[in-house]
Amino acid sequence: MFVPYLYEYSVSVRESSEEKIQTTIMRILFWGTPTYAVPTLVALSEAGHQIVGVVTQPDRRRGRGKQLVPSPVKQEAEKRGLPVFTPERIRSDQACQHQLASLNAEIFIVVAFGQILPTSVLEIPALGCWNGHGSLLPRWRGAGPIQWSILAGDTETGVGVMAMEQGLDTGPVLLEERCPIGLLDNADQLGQQLSHLTAELILKALPSIEAAGPGPETERLARLKPRPQLEESTYARMLKKEDFVLNWCDPALTLHRKVMGLYPGALTQWKTKRLKITATEPLIERLRQQLTPEAAALVGRWGTGTDQPGTILGIINELGIVVSSSGCPLLIREGQLEGKARSGGQTLIQQLGASNGDRLGSADQSSV
């Protein structure tokens, strides 16, 4: 399987000899749902903080069998023996709000919980509610900042620790850290990197938040001096089914960003079957230095925009297939044909049984 970028990280808290995070034990109520939030929960727990409870989304039906599946955060919390709360709508669940208030948490830490917290909840903890968000706010407020940063072609992103308020990711930012987005990074790889960076930044923020002490929010924030979000904001809207369908009339770079940003869900059609495409490289001269050596060697071999979009231009043994777009060609390195396991290189070529001149996509792509 082709993996253009591998990010290795231990879930244990990292300590450097130059700067070791020092803080007293805090009573924390943690809010989170997806895999992205798990490293922060692990880091807080392993740093010795008292996690008085974990709030996550209710179990959802998933898979072919439509079985109820707990969220990744719930699974981690139960492994650690932590109390778990799963309100369907925290805004209207007064009983759950009172129950959470009775836990006497000093601070609420929120990472990708999935619901907007009402004022009645935000006002509960003495040290406030703080959110670890996976973008450089105010760019990409909302639910899919990682996907949209890749889709938009951003060259860098990062994480921030933000004081929560009623608006959607509008609060002032206490700490922020940036990281580059590589051309061959997909959303899963970037998400793993940012999730661990979020955990680090939350731990780094806690001593300052604790030192600022309790009190009215305006006074606490005045002592902390977080950065207000004054720049123009961009919104990471919820993705729709049609967003995942590849349009071969788009340029190669747009197609590539869609494959990597919507990983592993970008779709096209191969004859009568669906084909997920999970790894590509745009064969563009100005990007040659960012490509793998084998892909860079293919740049310039075919004309640009001279063939009907979606046409297979080349079958490259052990590597993949080259497909035309509205401009430069796109190398498909990995995919998953309907009814088959994900594969790359020669295995993918054999599964498709493709020949030069065959076409990907369909006349009615909305049916994919």
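The structure we're discussing is the one just above.
## A few points about the overall build of the protein
- Check the secondary structure of the protein and you find ten helices and 17 strands.
- The C-alpha atoms of the protein give 23 Å as radius of gyration, which agrees with the globular expectation for 368 residues (21 Å, within 12%).
- With respect to the three principal axes, the spread of C-alpha positions in the protein is 70 × 45 × 35 Å.
- Sorting the 368 residues of the protein into buried and exposed places 51% on the buried side.

## A word on the packing of helix α1 (residues 38-46) against helix α6 (residues 187-212)
- Their axes nearest at 8 Å, the elements α1 and α6 cross at an angle of 40°. The angle between α1 and α6 places the two elements in the oblique class. Here the hand of the crossing between α1 and α6 comes out right-handed. Contacts between α1 and α6 involve P39, T40, A43 and L44 on the former and, on the latter, S195, H196, T198, A199, I202, L203 and L206.
- Looking at side-chain class alone, the contact of α1 with α6 contains seven nonpolar, four polar and no charged residues.

## A closer look at the nonpolar core
- Counting 63 residues, the largest nonpolar core has F30, L44, I107, I109, W130 and W248 as the members making the most contacts within it.
- If one sorts the elements of this core by residue count, α6 sits on top with twelve residues.
- Not counting residues up to four positions away in its chain, the partners in contact with L44 are I28, F30, H49, I51, I109, I202, L203 and L206.
- W31, L100, V121 and C129 belong to the second largest nonpolar core, which has 18 residues in total.

## Section: the pairing of strand β6 (residues 107-111)
- Within β6, five of the five residues are buried, which leaves the element mostly enclosed by the surrounding structure.
- On β6, burial covers both faces: I107, I109 and V111 on one face and F108 and V110 on the other are all buried.
- Examined bridge by bridge, strand β1 (residues 27-32) and β6 share five bridges and lie parallel to one another. The partner of F30 across the bridge, within β6, is I109.
- By the bridge criterion, three bridges tie β6 to strand β7 (residues 129-133) in an arrangement that is parallel. Residue pairing in the sheet places I109 in a bridge with W130 of β7.

## A few points about the packing of α1 against helix α2 (residues 72-79)
- Running from N to C, α1 and α2 point in directions that differ by 25°, and their axes come no closer than 9 Å. Compared by their axis directions, α1 and α2 come out roughly parallel. The handedness of the crossing between α1 and α2 comes out as right-handed. Taken together, the residues of α2 that come into contact with α1 (itself represented by V38, L41 and V42) are P72, V73, E76 and A77.
- Of the residues assigned to the contact of α1 with α2, the class counts are six nonpolar, no polar and one charged.

## A closer look at helix α7 (residues 217-224)
- Every buried residue of α7 is listed here: R220, L221 and L224. Down the axis, α7 shows its buried residues gathered within 95° of arc, on one side only.
- Check the buried side of α7 and you find it contacts β7, β9 (156-163), β10 (173-180) and α6.

## Side note on the pattern of salt bridges
- Under the definition given, this model contains 15 salt bridges.
- In this structure, R80 engages E76 in a salt bridge whose closest nitrogen and oxygen atoms are separated by 2.7 Å.
- Judged by its relative accessible area of 11%, E76 is buried.
- For R89, the salt bridge is made with E88, and the minimal N-O distance between the two is 3.6 Å.
- What makes E88 partly exposed here is its relative accessible area of 39%.
- Put simply, E156, E176, R178, R227 and E231 are held in one network by salt bridges that share partners.

What counts as what
- Residues numbered from 1 in each chain as written.
- Predicted model: local features only at pLDDT ≥ 70, side-chain atom pairs only at ≥ 80, totals over all residues.
- Heavy atoms only, no water.
- Helix = DSSP H or I, 4+ residues; strand = E, 2+ residues; numbered from the N terminus.
- Rg over C-alpha atoms; globule rule 2.2 N^0.38 Å.
- Buried < 20%, exposed > 50% of the residue type's maximum accessible area, 1.4 Å probe, protein only.
- Axes fitted to C-alpha atoms, helices over the stretch in contact; angles between N-to-C directions.
- Parallel < 35°, antiparallel > 145°, perpendicular 65-115°, else oblique.
- Left-handed = near helix turned anticlockwise from the far one by under 90°.
- Contact = heavy atoms within 4.5 Å.
- Nonpolar A, V, L, I, M, F, W, Y, C, P; charged D, E, K, R; others polar.
- Core = buried A, V, L, I, M, F, W, Y, C linked by side-chain atoms within 4.5 Å.
- Pairing = 2+ DSSP bridges.
- Arc of directions from axis to C-beta.
- Salt bridge = Lys/Arg side-chain N within 4 Å of Asp/Glu carboxyl O.

Interpretation in functional terms is not warranted from these geometric data alone.
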